[in-house]
Amino acid sequence: MELSDFVVERIENSTAHQIVCTEHYLKRKGSTSVAYGLIHKDTRRIMGVITYGTPLGPALRKGVCGPEYELEVIELTRLWVHDSMPKNSASALIGRTLPLLDKHIVVSYADASQGHVGRVYQATNWLYTGLSAAFMDTVIEGKEHLHSISITDSGGGRGAGGSRDERLRTIYGDRVKKVERARKHRYITFTGGKKLRRKLRKALRYKVEPYPKSDTSVKTVENTDGRYYAKQDFGKWFS
């Protein structure tokens, strides 16, 4: 199987979510504004998925290059490539989709708790800006898979009055716990013309640090027996 046998096309967000919720190690979708698939030209089988979305935290959007650039920030939220694909397929999927984005500041994370150091971002020359800040998350026993935003919504949302934890304890009792959020390696890259990239690089507020290293080989995806195909007519997808 050669990478030249594949094309990158935009796919429906729902299709991307179906795949990453099955194949990606997190088993849940991320914030998604746009999704792309790595698709075999002949069979139309989807062998890779990448999703980009608006970062959920306003502090990050304003903090990368300042408030004046917060609307330019987008996050690479999920990346999955089938294990049978050539070694550089993930890098190629990133490289082919970055120029298609309508944002010019791209952030992504590598989960240190899983042993990931972000080799794919290192291979594509992203800037490493250290670990995300330490933070205590509210979790609900039996619902550990939920994102913190979903947990907040389950308590009536931010406008429901009172503290979030108080509202949640009214519903879930002692199942509400505080746990330390796993810190993640943060990577940033810029898109657009050379002049714009230089301007954004100069505005970057995070300190650029040497790449973290790891001697262990860590798989970033899991595969099931699921098969995902794209129809020949653009924009129509099914599994």
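Please refer to the structure higher up on the page.
All values derive from a computational prediction rather than experimental measurement.

For H40, the location among the structural elements is in strand β2 (residues 34–40). H40 gets classed as buried once you look at its relative accessible area, which sits at 15%. Aside from chain neighbours lying at most four places away, what touches H40 is D5, F6 and R45.

So, about the pattern of salt bridges. Under the definition given, this model contains 1 salt bridge. Here R44 ties to E9 by a salt bridge, and the two come within 3.0 Å at their closest N and O atoms. With R44 in the loop between β2 and β3 (46–53) and E9 in strand β1 (residues 6–11), this residue pair connects regions lying 35 residues apart in the sequence. Each member of the pair, R44 as well as E9, is classed as buried.

Attention now moves to the packing of aromatic side chains. Inspection of every chain in the model, using the stated rule, returns 4 aromatic pairs. Judged by centre distance (5.3 Å) and plane angle (35 degrees), the ring pair of Y121 and Y187 falls under tilted. Residue Y121 is located in helix α4 (residues 119–123), and its partner Y187 is located in strand β9 (residues 184–190); the two are separated by 66 residues in the primary sequence. For the pair shown, Y121 and Y187 are each scored as buried. Their ring planes at 40 degrees and their centres at 6.1 Å tell us that Y187 and Y211 sit as a pair that is tilted. Pair noted here: Y187 is in strand β9 and Y211 is in the loop between α7 (194–203) and β10 (229–230), with a separation of 24 residues, a long-range link. For Y187, a relative accessible area of 0% corresponds to the buried category. Three or more aromatic residues joined by ring pairs form one cluster here, namely Y121, W126, Y128, Y187 and Y211. A cation sits over an aromatic face here: R186 above Y206, 3.8 Å from the ring centre.

It is worth spelling out the side chain of Q122 at this point. Looking at the secondary structure, you find Q122 in helix α4. Take Q122: its relative accessible area is 13%, and that puts it in the buried class. Here Y187 takes part through its side chain, which lies 3.0 Å from a polar atom of the side chain of Q122. In this view, Q122 contacts V117, Y187, Y211, P212 and K213; residues no more than four positions away in its chain are not counted.

Another point: the nonpolar core. A general tendency of soluble globular proteins is for nonpolar side chains to be buried together. Residues Y52, L76 and I94 are the most contacted members of the largest nonpolar core, which totals 26 residues. The set of elements that each furnish at least two residues to this core consists of β2, β3, β4 (73–81), α3 (89–97), β5 (105–111) and α4. Y69, V73, V107 and L200 belong to the second largest nonpolar core, which has 12 residues in total.

Moving on: the sheet that holds strand β6 (residues 127–131). Taken in spatial order, the 7 strands of this open sheet run β1-β2-β3-β4-β5-β9-β6, and their pairing is mixed. Lying at the two open borders of the sheet, with one neighbouring strand each, are β1 and β6. Taken over all neighbouring pairs, the strand axes of this sheet differ in orientation by 25 degrees on average, direction set aside. Direction of pairing for β3 relative to β4: antiparallel, over a ladder of 6 bridges. Pairing of Y52 across the sheet is with L76, part of β4.

Rules behind the numbers
Residues numbered from 1 in each chain as written. Predicted model: local features only at pLDDT ≥ 70, side-chain atom pairs only at ≥ 80, totals over all residues. Heavy atoms only, no water. Helix = DSSP H or I, 4+ residues; strand = E, 2+ residues; numbered from the N terminus. Buried < 20%, exposed > 50% of the residue type's maximum accessible area, 1.4 Å probe, protein only. Contact = heavy atoms within 4.5 Å. Salt bridge = Lys/Arg side-chain N within 4 Å of Asp/Glu carboxyl O. Phe/Tyr/Trp six-rings, centres within 6.5 Å; stacked < 30°, edge-to-face > 60°. Lys NZ or Arg CZ within 6 Å of the ring centre and 35° of its normal. Polar contact = N/O pair within 3.5 Å; in protein donor to acceptor, adjacent residues only side chain to side chain. Core = buried A, V, L, I, M, F, W, Y, C linked by side-chain atoms within 4.5 Å. Pairing = 2+ DSSP bridges. Axes fitted to C-alpha atoms, helices over the stretch in contact; angles between N-to-C directions.

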